[in-house]
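Chain by chain, the residues:
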Amino acid sequence: MYINRYLGILFITHRFPPRYNAGTENYTYGIASALREQGHNVHIVCGDDVNVADHRRYQIDVVDEPFEGLPVRRLRFNYQLAPDPYGYLYVENPRIEKIVTSFAQSIRPDVIHVTSCVHLSASVLRIGRVLNIPTVLTLTDFWFVCPQPNLLRKGIDLCEGQQDGWVCLECMFGETKTLRWLKKFPTDWSRHLARLLRLPRVGKFFGGSLNFIDAVNRRNQVLPNDLAQVDLVLSPSKFLRQWFIEHRLVNPNQIIHLPHGHKTDWAAVGKHKTPSDTLRFGYTGHIKEHKGVHLLIQAFKRLDAHAQVALHIYGQLDLSLIHI
């Protein structure tokens, strides 16, 4: 579908090619490229990694580094050095918000399209409201209800999301020293101690566990409100749309089902099929349990030993699957 006039569109995302090429990064690149080809004025702002050794204090390096004709402004920082590390990561990063707001004011886009808040915090969703610019959000995972963000406990059991910070801490990091120490006290006492000790000037002596617990509890309160304020939410699957509606995180009229579209013509360059009597299957992507690769392998193991089929898997191996 073609838009009947040229628009200025600012994409905000967590990472961007060429150093990052996972699903959300490729989706953002693909749609930004397609809109640019139609004549729209496209800009991208994204997070980026830094060399930790070069940063002794929290700072954000702003680097303009185009990619294949797309103007990309990369924000490089180490969140662990922030005064409120996990709060800056999840709930509110005032420095990111200030930088992106200033950039949006300078380019004056007609639309802001957020494809991921990861690393940047939910602050980027508020920029459109402040500047009175319509904001579109594409849901690519369950980040708004799960810091993991795939709603899986320790990679295996299903989770309903929006859990207490204590639950998320043990799920993501296991029993840290701070968590083991707090568990020595009655539950009410340990929770009260956690609230007192999370203060940066005190909590720094207990590592990031207390800051993480508090940040998760804050994000459970703040993120649903931020999500509700977005003008339009795009869901690539019907299941994801229905899930967010049933959990009352979005209004049914606010979210639409819009399947992902990816350009695949690049895959045909230099590739030619070789005639074969074998039916060949391929998987390309992360090799992790939540991707279901083990189910694919188990299904092939059930085939007759003489079946003329082959399975080829490409990706980085998660060692937890090595038992398959």
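Our structure's up above, just so we're on the same page.
Residues numbered from 1 in each chain as written. Predicted model: local features only at pLDDT ≥ 70, side-chain atom pairs only at ≥ 80, totals over all residues. Heavy atoms only, no water.

As a further point, take the packing of helix H5 (residues 165-173) against helix H9 (residues 209-228). In contact at an axis separation of 8 Å, H5 and H9 are set at 125° when each is read in the N-to-C sense. On the basis of the axis angle, H5 is oblique to H9. The element H5 and its partner H9 pack so that their crossing is right-handed. Each of Gly 165, Trp 166, Cys 168, Leu 169, Met 172 and Phe 173 in H5 lies in contact with H9, whose residues at this interface are Ser 209, Phe 212, Ile 213, Val 216 and Asn 217. For the contact of H5 with H9, the class distribution of residues is 8 nonpolar, 3 polar and no charged. (Axes fitted to C-alpha atoms, helices over the stretch in contact; angles between N-to-C directions. Helix = DSSP H or I, 4+ residues; strand = E, 2+ residues; numbered from the N terminus. Parallel < 35°, antiparallel > 145°, perpendicular 65-115°, else oblique. Left-handed = near helix turned anticlockwise from the far one by under 90°. Contact = heavy atoms within 4.5 Å. Nonpolar A, V, L, I, M, F, W, Y, C, P; charged D, E, K, R; others polar.)

With that out of the way, let us pick up the side chain of Arg 76. Along the chain, the position of Arg 76 falls in strand S4 (residues 72-76). Side-chain polar atoms of Arg 76 contact the side chain of Asp 48, separated by 2.9 Å. Within the structure, Arg 76 has its side chain in polar contact with the side chain of Glu 65 (distance 3.3 Å). Once residues lying within four places of it in the same chain are set aside, the contact partners of Arg 76 are Arg 19, Asp 48, Asp 49, Val 50, Gln 59, Ile 60, Asp 61, Val 63 and Glu 65. (Polar contact = N/O pair within 3.5 Å; in protein donor to acceptor, adjacent residues only side chain to side chain.)

Two elements in contact, helix H3 (residues 94-107) and helix H4 (residues 123-131), have axes separated by 9 Å at closest approach and are oriented at 40°. The angle between H3 and H4 falls in the class oblique. Pair H3 / H4 crosses with right-handed handedness. The segment H3 lies against H4, with Ile 96, Glu 97, Val 100, Thr 101, Ala 104 and Gln 105 engaging Ser 123, Val 124, Arg 126, Ile 127 and Leu 131. Looking at the contact of H3 with H4 residue by residue, the class counts come to 6 nonpolar, 3 polar and 2 charged.

Pairing of strand S11 (residues 279-284) with strand S12 (residues 309-314) involves 6 bridges; the strand directions are parallel. Each residue of the ladder has a partner; that of Leu 279, found in S12, is Val 309. Between the parallel pair S11 and S12, the chain is carried across by helix H11 (residues 293-301), and the sense of this crossover is right-handed. (Pairing = 2+ DSSP bridges. Right-handed = clockwise from strand over helix to strand, strands pointing away.)

Moving on to the packing of aromatic side chains. Under the counting rule described, the total for this entry stands at 14 aromatic pairs. Here Phe 16 and Phe 67 contribute two aromatic rings whose centre-to-centre distance is 6.2 Å and whose plane-to-plane angle is 90°, an arrangement assigned as edge-to-face. In this pair, Phe 16 sits in the loop between strand S1 (8-13) and helix H1 (23-37) while Phe 67 sits in the loop between strand S3 (61-64) and S4, placing the two residues 51 residues apart along the sequence. Comparing Phe 16 with Phe 67, the two get one shared label, buried. Residues Tyr 29 and Phe 67 carry aromatic rings whose centres are separated by 5.4 Å and whose planes lie at 65° to one another, so their mutual orientation is edge-to-face. Here Tyr 29 is found in helix H1, whereas its partner Phe 67 is found in the loop between S3 and S4, with 38 residues between them in sequence. Three or more aromatic residues link up through ring pairs in this structure, and these residues are Tyr 79, Tyr 86, Tyr 90 and Phe 212. Between Arg 219 and the ring centre of Tyr 90, over which it is positioned, the NZ or CZ distance is 4.9 Å. Over the ring of Trp 143 we find Arg 219; its NZ or CZ atom is 4.8 Å from the centre of that ring. (Phe/Tyr/Trp six-rings, centres within 6.5 Å; stacked < 30°, edge-to-face > 60°. Buried < 20%, exposed > 50% of the residue type's maximum accessible area, 1.4 Å probe, protein only. Lys NZ or Arg CZ within 6 Å of the ring centre and 35° of its normal.)

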